[in-house]
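Examination of the molecular architecture
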Amino acid sequence: MLVKTSAIGLFAILGAAVSAVALAQTATDAASTDMPVREEIIVTGNTPLPGSNVDKDKLPGTSQLLSANDFAKNHGISILDTLSQRIPGLQLSDSQGNAGVQDLHYRGFAASPLQGTPQGIAVYQDGVRLNEAFGDTVNWDLIPAVAIDRFALSSNNPAFGLNAIGGAVSLSMKNGFTFQGLEGEIQGGSFGRVNGSIQYGVKSGKFSLYIAAEAFKDNGWRQLSSSDIERIYADAGFSGDISEFHLIASAARSSLGVVGPAPLDLINANDKAVYTSPQATKNEIGMLALNGTVNLTDSLAIQTNVYGRHLEQKHIDGNGSNFESCSTGSSFGGTLCLEDNAFGTPVGGEPTAFRNQFAILDRSGRTIPFVADTPYGTIDKTSTNTTTLGAALQATYDAPVFGHTNNFVFGGSIDHSDIVFSSSSTLGYIFPDLSVGLNGALPGSGAVIHTLGNLGYAPVALAATTDYYGIYAANTFDVTDRLSATVGIRVNIIGIDSRDTTGADAELNANHSYTHANPQAGLTYKLGGGVTAYGGFSQSNRAPTALELDCADPVKPCLLENSLVSDPPLKQVVADNYEIGLRGSNTVMFGTSAMGRLDWNIAFYRTDSNDDIIALASVVQGRGYYTNVPATRRQGLEIGGNYVLGSLTAFANYSFVDATYRFNGVLASPNSPAADGAGNITVHSGNRLPAIPRHQVKVGADYAVTPDWTIGGDVEYFGSQYLVGDGSNQNARLTPYVVANVRSSYQLTDDIQIFGHIDNLLDRRYASYGTYFETAGVGQPITSNLSDPRSLTLGRPRSFAGGIKVKF
C-alpha cells in the first residue's frame, strides 16, 4: 500500500513528482545543447469521435499507443495478447477459462466480457461505443484484430463518457486510404489451433474500399474449452476536397467453451479438468455505421457518426445446487427445498414459515419429490438480445487565440438501446464426470424450476431500454511555447427503464435516472531536451447498468451469467482522478554518436471511487448480486520505455498498482474460509481488492539478424493477488508467475513471410484467476475428495504455432 491516508498519499505523490521534475529540469538543461530531440509530433484523439487530434505531448495524462504492426507481429489469438505484453499496468485475468475472452484490467479497473464483472473502462471503435448496454461488457472476441490501424489507451479524460473511470480504449480501423493491397495469413498450432485472415484495400481517386475477414478455431487445452470465431469488416470511403466519409459494416460470431475455474483438488489430479458442465457462450453481432468529417474552414471542422448494432448472446451453464428435503414439519415435507440456512437466520423468528418459502416448484407450481443421496444440479440458460442506435456530432476549432496555439472541441452523443433478456433454470442431475444433464429416472428432471418466493430460482423475461446522453467540451491552450493548459467538462445523462414481460415479477418494473457533470483540468510543461512534465485532475462516473439495477438484492440473488429478480436502487459511481508524470522522446547519445531513440514515461496516479459497485457471491450456487460500497482507491506508478537502434527494437515496463477498500464493513463471501457463520467477511480500510496483482514487469525485444530474418521475445511477470472473495485478505494469495514467449519470422521473398512463435516457453504452471466454491455443493460422494475451497483458472501451457503470410 502506497499510503495510509488520503492527505499523506496525495502529498507523497506530489512530492515525488516535484523532485522528479526538478531532477529532470537540471539534467535536461545541462544536456539540451548536445542531446538531439525527436521533432516528430505525435497526435492522438482526445474524444471518442475521430478528428479531434491533439499533440500527445500536450495531454495532461497518459496515452499508450500501438500500431497495426505491433498487432501483426504478435500473431495472437486476440488483441488482448499484444496489449498484455506491451501496455504498462495492463493485466489479463482468465476468469472464463478461454484465452480468447479474458478480462482486461488496467490500473485496477476492468473491461470484461463476463456479465457480473463491474466495468470501469470505456471502449470505442471509430467513435462507436463497444460497451454493451445491458452490463457494459466488452466482447473482445468480436473485434476484428486484423483491421485495427491504431490502438490508443487514455487515462484521466471524462470526454469518453460513462465507464471511463480507469481509462478509455479507442480503436482506429483501417480503410482503403490507409491500407492498399491484398494480404493473407494462415497459421496452425497446438491444441488444434487453426486461424487465418485476409485483408484487401484499394483506392481510386476519391473513393476507397477495405475488406477484412478472420477465422479462428481452437480445441482448447482444457476439456470442453474449444473456440470457434469468425469476423468480417468492410469500409467504403470517399474523400473530397473538404470532406471525408466512411460507410462501415461488420459482423462476427463466436462459440466459446467458457469452462471457468476448477477446484484446486480437482486440477491437482487433472489440470485439464472442468468443474460442472456444460459451460458455453455463443455471440453474434452486426454493426452498420457512417462516419464523416467536413472541413468548413482551415480551422473549423465537423465530425459525426451514426450507427446501429445488434448483439445476440446465449449462455448455458451447468451448476451444482443447494437442494435438500423440506422439513417433515412443514407443509412441503418430503419434497425438494433449498437448504435450511441458505439465506442465514430466518426472518421474523419463524423458521418453519420462512423455510416453506424455499420449496422448489416446477413451472406449474407443483412440488417435486425429494430423492435422498441424489446429486442435484441445474442447467441454467440466459439469452440477451440488444439493439443499439447511436449518433454523435462534434466540432473542432484550432485557430490561434490571441496569437497562441489553441485546440477547442465541443460535441454530444446519444446511445439508445432496447434489451430483451430471458433466463431459466432446469432441474438436472450431476453425473460422475461432473456434467449436468437430464436423468429420466429422477422425479422433476427437465422441469423449469422456481422457488416459492423466487429466491434465486425463477424464470425471467425482461424488456429494458437505456438512453445515454453526453455533452462535452474541452480546450487545450498554449500559454507559452512550453506551457499548455487543458480544461474540459462532460455531462452524462442516463435513463434506464426495465419491465417484466411475464406479469409475474412486478419488482422488475422500474425507472432510473442519473446525471453527473465531470470536469477536467491539467497542465503540461516542456522542460527541454525532449522531456515534458504534466499533471491533471478529472472526475468520471459510471451509472449502474440495467443488469446491476435488477440484481441488487442479497435475499434474491441472480444467476451470474445473470437472471434478474429484484431491483433495490444502486447509486452511480463517481471517481476523482489525479495524475502527474514525466515523458520524453530522445536520441540516445554515446559521446558524439547517436545510439538509437528512447521514448519513455513515468506516471503517478490515484483514482478515488465513491459508491463503487462490486459483485458479491450468494450462498445459492452460481448466484450473486451487486452492491455499492462506500469507497475504493486505486493508485500507483507506471514506468515504461521503448528503444529503437537500427535493427533492434526493445521495450521495458514496470507497474505498481495499489488497489484497496477505503471503508470498514462487512461483505458477503460465503465460500471464503474466513467467512463467519452468516457467510460474511469483515473488510478494513486498506485491505487490497482481490484479483489485482501489485507488481507487473514486462520486457521484450525484436532483432533483425539479417534483412530477412527477425527474432524476438518477451517476458511478463505478475505479482501475487488475492482470490476473488477474499476482500478481508485473510487467505493465501495466488503465486506470482512469469511467462516467456519467443517468436521469429523469415522473409522468403518480398511478398512471402513464414513465421512461428512459442507461448509460455518455459511451460510454467500458473493461475491468473482464483475464487472460492462450496466444497459440499455438488453432492456426495461425487466430490467427497474436494476439501480445498480454492478454485483456479490455470494459464495455457506451452504451445506452438506457425504460419505463412502472403502479399499479392
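Residues numbered from 1 in each chain as written. Predicted model: local features only at pLDDT ≥ 70, side-chain atom pairs only at ≥ 80, totals over all residues. Heavy atoms only, no water.

Okay, the overall build of the chain next. Along its length, the chain carries six helices and 43 strands. Here the chain, with 808 residues, has 58% of them falling under the buried criterion. Restricting the contact set of the chain to residue pairs at least 6 apart, pairs at least 24 apart contribute 68%. Accessible area of the chain: about 30200 Å², with a carbon and sulfur share of 59%. (Helix = DSSP H or I, 4+ residues; strand = E, 2+ residues; numbered from the N terminus. Buried < 20%, exposed > 50% of the residue type's maximum accessible area, 1.4 Å probe, protein only. Contact = heavy atoms within 4.5 Å. Areas by Shrake-Rupley, 256 points an atom, 1.4 Å probe, with all protein chains shown as cover.)

With that settled, consider empty space enclosed by the protein. Under the defined criterion, the tally for this structure stands at 13 cavities of 30 Å³ or more. Surrounding the second largest cavity, 43 residues form its lining, Asp81, Ala99, Gln102, Tyr766 and Arg796 being those nearest its centre. Listed by contribution, the elements that provide at least two residues to the lining of the second largest cavity are helix H3 (79-86), strand S13 (207-218), strand S38 (709-718), strand S39 (737-747), strand S40 (752-759), strand S42 (790-794) and strand S43 (799-807). Of all the elements, S39 adds the most residues to the lining of the second largest cavity, at five residues. A breakdown of the residues in the lining of the second largest cavity according to their chemical character gives 14 nonpolar, 19 polar and ten charged. (1 Å grid on protein atoms, 1.4 Å probe; cavity = no way out; pocket = protein on both sides within 12 Å on 5 of 7 lines; lining within 4 Å. Points joined across faces, edges and corners; volume = space filled by probe spheres on them. Nonpolar A, V, L, I, M, F, W, Y, C, P; charged D, E, K, R; others polar.)

Right, let's talk about the confidence of the model for the chain for a bit. This prediction gives the chain a mean pLDDT of 88; 89% of its residues lie at or above 70. Residue range residues 1-39 is modelled with pLDDT below 50. Its contacts to residues more than four positions away, or to other chains, number 59 contacts. This stretch, residues 560-567, has a pLDDT under 50; its non-local contacts, to residues over four places away or in other chains, come to 55 contacts. (pLDDT = per-residue confidence, 0-100.)

Between Ser277 and the following residue, Pro278, the backbone shows a cis peptide bond with an omega angle of 5 degrees. Within the fold, Pro278 resides in the loop between helix H4 (264-269) and strand S17 (279-295). For Asn163, which is not a glycine, the phi torsion comes out positive at approximately 80 degrees. Tracing the chain through its elements places Asn163 in the loop between strand S9 (148-154) and strand S10 (167-173). Residue Phe402 is not a glycine yet carries a positive backbone phi of 55 degrees. Within the secondary structure, Phe402 sits in the loop between strand S22 (376-397) and strand S23 (406-430). Residue classification places Phe402 among the exposed positions, given a relative accessible area of 79%.

Residues Ile186, Tyr703, Val705, Trp709, Ile711, Tyr746, Leu748, Ile754 and Ile804 make up a contiguous nonpolar surface patch of about 760 Å² in total accessible area. Summarising the element assignment, Leu748 is placed in the loop between S39 and S40. (Patch = residues over 30% accessible without salt bridge, like charges linked within 9 Å, V, L, I, M, F, W, Y side chains within 5 Å. Salt bridge = Lys/Arg side-chain N within 4 Å of Asp/Glu carboxyl O.)

On to the nonpolar core, then. By size, the foremost hydrophobic cluster in this structure holds 77 residues, and its most contacted members are Leu83, Leu104, Trp140, Phe151 and Leu667. Setting aside anything within four residues of it in sequence, one finds Trp140 in contact with Ile79, Leu80, Gln102, Leu104, Ala111, Pro113, Val123 and Arg231. Residues Leu264, Leu734, Ala767 and Leu786 belong to the second largest nonpolar core, which totals 19 residues. (Core = buried A, V, L, I, M, F, W, Y, C linked by side-chain atoms within 4.5 Å.)

Attention shifts here to the sheet that holds strand S5 (residues 103-106). Here three strands make up an open sheet; going across it, the order is S4-S5-S6 and the pairing antiparallel. Pairing within the sheet leaves two strands with one partner each, and these edge strands are strand S4 (90-93) and strand S6 (109-111). Taken pair by pair, the neighbouring strands of this sheet meet at an average axis angle of 30 degrees, ignoring direction. Examined bridge by bridge, S4 and S5 share four bridges and lie antiparallel to one another. What sits directly across from Leu92, in S5, is Leu104. (Pairing = 2+ DSSP bridges. Axes fitted to C-alpha atoms, helices over the stretch in contact; angles between N-to-C directions.)

By secondary structure assignment, the location of Gln279 is in strand S17. Only 3.2 Å separates the side chain of Gln279 from the backbone oxygen of Tyr275, close enough to count as a polar contact. Residue contacts for Gln279: discarding those within four places in its chain leaves Leu256, Gly257, Val258, Val259, Gly260, Val274, Ile316, Asp317 and Gly318. (Polar contact = N/O pair within 3.5 Å; in protein donor to acceptor, adjacent residues only side chain to side chain.)

Moving on: the sheet that holds strand S8 (residues 128-129). The sheet built from five strands is open, its strands ordered S3-S9-S10-S7-S8 with mixed pairing. Every interior strand has two partners, whereas the edge strands, strand S3 (63-67) and S8, have only one.

Further remarks concern the layout of surface pockets. In this structure, the second largest pocket encloses a volume near 960 Å³. Together, 44 residues line the second largest pocket, and Ala72, Lys73, His75, Glu185 and Lys805 are the ones closest to its centre. With five residues, strand S12 (residues 193-204) is the single largest residue contributor to the lining of the second largest pocket.

On inspection of all chains with the given rule, the structure shows one disulfide. The residue that forms a disulfide with Cys326 is Cys337, at a sulfur-sulfur distance of 1.8 Å. Disulfide Cys326-Cys337: torsion about the S-S bond near 90 degrees, hence right-handed. Of this pair, Cys326 sits in the loop between strand S19 (323-325) and strand S20 (336-338) while Cys337 sits in strand S20, and the two are eleven residues apart along the sequence. (Disulfide = S-S within 2.5 Å.)

Quick look at the environment of Pro670 now. With respect to the secondary-structure elements, Pro670 resides in the loop between strand S35 (665-668) and strand S36 (680-683). With 104 residues separating them in the primary sequence, Pro670 and Glu774 have C-alpha atoms 8.2 Å apart.

Moving on to the environment of Ser484. Mapped onto the elements, Ser484 comes out in strand S27 (residues 483-500). On the basis of relative accessible area, Ser484 is assigned to the buried category, the value being 3%. Sequence-wise, Ser484 and Thr524 are 40 residues apart; in three dimensions their C-alpha atoms are separated by 5.3 Å. Among all residues touching Ser484, those that are not within four sequence positions of it are Lys58, Thr476, Phe477, Asp478, Val479, Gly522, Leu523 and Thr524. There is a polar contact of 2.7 Å between the side chain of Ser484 and the side chain of Asp478.

This model, assessed by the stated rule, comprises 21 salt bridges. Residue Asp702 is joined to Lys73 by a salt bridge in which the shortest nitrogen-to-oxygen separation is 3.3 Å. Of this pair, Asp702 sits in strand S37 (residues 695-704) while Lys73 is found in the loop between helix H2 (68-72) and H3, placing the two residues 629 residues apart along the sequence. Arg743 is paired through a salt bridge with Asp702; the nearest N and O atoms lie 3.0 Å apart. With Arg743 in strand S39 and Asp702 in strand S37, this residue pair connects regions lying 41 residues apart in the sequence. Each member of the pair, Arg743 as well as Asp702, carries the same accessibility label: buried.

Taken as a whole and judged by the stated rule, the model has 15 aromatic pairs. For the cation-ring pair, Arg107 lies above Tyr605, with the distance from its terminal atom to the ring centre recorded as 4.2 Å. (Phe/Tyr/Trp six-rings, centres within 6.5 Å; stacked < 30°, edge-to-face > 60°. Lys NZ or Arg CZ within 6 Å of the ring centre and 35° of its normal.)

What follows deals with the environment of Lys206. Within the element layout of this structure, Lys206 appears in the loop between S12 and S13. Ignoring sequence-local partners within four residues, the contact set of Lys206 consists of Phe177, Gly237, Phe238, Ser239 and Gly240.

With that settled, consider H3. Quick reminder: α-helices carry 3.6 residues per turn. Residues three or four places apart thus point the same way. Most of H3 is tucked away: eight of the eight residues are buried. Residues of H3 that are buried include every one of Ile79, Leu80, Asp81, Thr82, Leu83, Ser84, Gln85 and Arg86, and no others.

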